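What the coordinates show
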Amino acid sequence: MKQLIIILTALWSLSVHAAPAVSELPEDACDSLKCTKVMKSILSGFNNTPHAVSLEPAVYSGGCYHLGDLNPDHEHFAELMIDQLDNGTTYFSTMFAYFYPENPYANWDLTKGRQEATDYARQNARIQEGSNASRVVMTNSEGGPAIVYYMRQDPVTKTIYYITYGGFGPQSTKIFCTMNKNL
């Protein structure tokens, strides 16, 4: 009996301290309709494009809108790169630019994206392929999700609908982006 109590206590302790599960698709991205019209349009594009991203190395960039501490109507910009390491492992890298008058990433190619990608991204930012979406989960020091990037790509136009969750709970930020493939 004593051994059973110890085992049950250990299992309970592990379940209490386990990292929360991250859903395959964004949940309540618009925080019960707090999104702007543009955010709702990007979320609609995401929801109506049931395809994971292409793992072909490429750089994408485009406009983003933040639901959180920043003005949700102000367009900011982001760069997203999908690339492969020499061993064939695919990784993801991203950067955000705030308060620029135009997209500072519009002319980036793979060479520039690779120069700016961090070693942290190369080692940790693995794209997880779902049946109809892709995501990248970046963890905090306790192993829980800190930032989650959700992506779907239109196979014809190559547009990526990109939704980022920065943190979870009442202090979270959600970012809605439409990314186009840089030439």
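Our subject is the structure that appears above.
Residues numbered from 1 in each chain as written. Predicted model: local features only at pLDDT ≥ 70, side-chain atom pairs only at ≥ 80, totals over all residues. Heavy atoms only, no water.

1. Description of the overall build of the protein
Selection criterion: Per the convention used, a helix needs a DSSP run of H or I reaching at least four residues, while a strand needs a run of E reaching at least two, with both numbered from the N terminus. Note on classification: 1.4 Å probe, protein chains only; a residue is buried when its accessible area is under 20% of the maximum for its type, exposed when over 50%, partly exposed between these limits. Here, residues are in contact when the closest pair of their heavy atoms is within 4.5 Å. Accessibility throughout is a Shrake-Rupley quantity obtained with a 1.4 Å probe, and a residue counts as covered only by protein chains that appear here.
If you tally the helices and strands in the protein, you get 4 helices and 8 strands. Considering the protein as a whole, with its 183 residues, one finds that 40% of them fall into the buried category. The long-range share in the protein, meaning contacts at least 24 apart out of those at least 6 apart in sequence, stands at 56%. Counting only carbon and sulfur atoms, one obtains 54% of the accessible surface of the protein, whose full area is about 10,400 Å².

2. Let's talk about the state of the cysteines
Defined as follows: To count as a disulfide, a pair of cysteine sulfur atoms needs to be within 2.5 Å.
Enumeration according to the criterion identifies 2 disulfides in this entry. Between the sulfur atoms of Cys 30 and its disulfide partner Cys 35 the distance amounts to 2.1 Å. With the S-S bond torsion at -100°, the cross-link from Cys 30 to Cys 35 turns out left-handed. For Cys 30, a relative accessible area of 8% translates into the label buried. Paired by a disulfide, Cys 64 and Cys 177 hold their sulfur atoms 2.0 Å apart. In this structure, the disulfide formed by Cys 64 and Cys 177 twists by about 110° around the S-S bond and is classed as right-handed. Placement of the pair is Cys 64 in strand E1 (residues 58-67) and Cys 177 in strand E8 (residues 173-181), with a sequence separation of 113 residues. Neither Cys 64 nor Cys 177 differs from the other in exposure class; each is buried. Ordinal numbering of bonded cysteines along the protein defines a disulfide pattern of 1-2, 3-4.

3. Describing helix H2 (residues 37-47)
Residues spaced three or four apart along an α-helix point in a common direction, a consequence of the helix completing one turn every 3.6 residues. Operational definition: Taken from the helix axis, the directions to the C-beta atoms give the arc we talk about.
Among all positions of H2, only Met 39, Ile 42, Leu 43, Gly 45 and Phe 46 are buried. Looking straight down H2, one finds its buried side chains confined to an arc of 155°; they lie on one side. If you follow the buried residues of H2, they end up packed against E1, strand E6 (145-153), strand E7 (160-166) and E8.

4. Some details on unusual backbone geometry
Phi is positive for Phe 99, close to 65°, though the residue is something other than glycine. Position of Phe 99 among the secondary structure elements: in the loop between strand E3 (90-97) and helix H3 (110-116). We classify Phe 99 as exposed; its relative accessible area is 57%. Of note in this structure, Lys 158 is not a glycine but carries a positive phi near 70°. Topologically, Lys 158 is positioned in the loop between E6 and E7. In this structure Lys 158 comes out as partly exposed when scored by relative accessible area, which is 35%.

5. What to know about the environment of Asp 109
Where we set the bar: The definition of a polar contact used here is a pair of N or O atoms within 3.5 Å, where within protein one atom must be able to donate a hydrogen and the other to accept one, and adjacent residues in sequence count solely through side-chain atom pairs.
Take Asp 109: it is sitting in the loop between E3 and H3. Judged by its relative accessible area of 37%, Asp 109 falls in the partly exposed class. Within the structure, Asp 109 has its side chain in polar contact with the backbone nitrogen of Lys 112 (distance 2.9 Å).

6. Quick look at the packing of aromatic side chains
Here is the rule we go by: Stacked, tilted and edge-to-face are the three classes assigned to paired rings of Phe, Tyr and Trp, where Trp is represented by its six-membered ring and a pair needs centres within 6.5 Å; plane angles under 30 degrees give stacked, over 60 edge-to-face, the rest tilted.
Scanning all chains against the criterion turns up 7 aromatic pairs. Between the aromatic rings of Phe 92 and Tyr 149, the centroid separation amounts to 4.9 Å while the plane-to-plane angle is 45°, which identifies the pairing as tilted. With Phe 92 in strand E3 and Tyr 149 in strand E6, the pair connects residues that are 57 residues apart, well separated along the chain. Exposure remark for Tyr 149: the relative accessible area of 8% places this residue in the buried category. Taken together, a centroid distance of 6.0 Å and an interplanar angle of 15° make the contact between Tyr 149 and Tyr 162 stacked. One end of the pair, Tyr 149, is in strand E6; the other, Tyr 162, is in strand E7, and 13 residues separate them in sequence.

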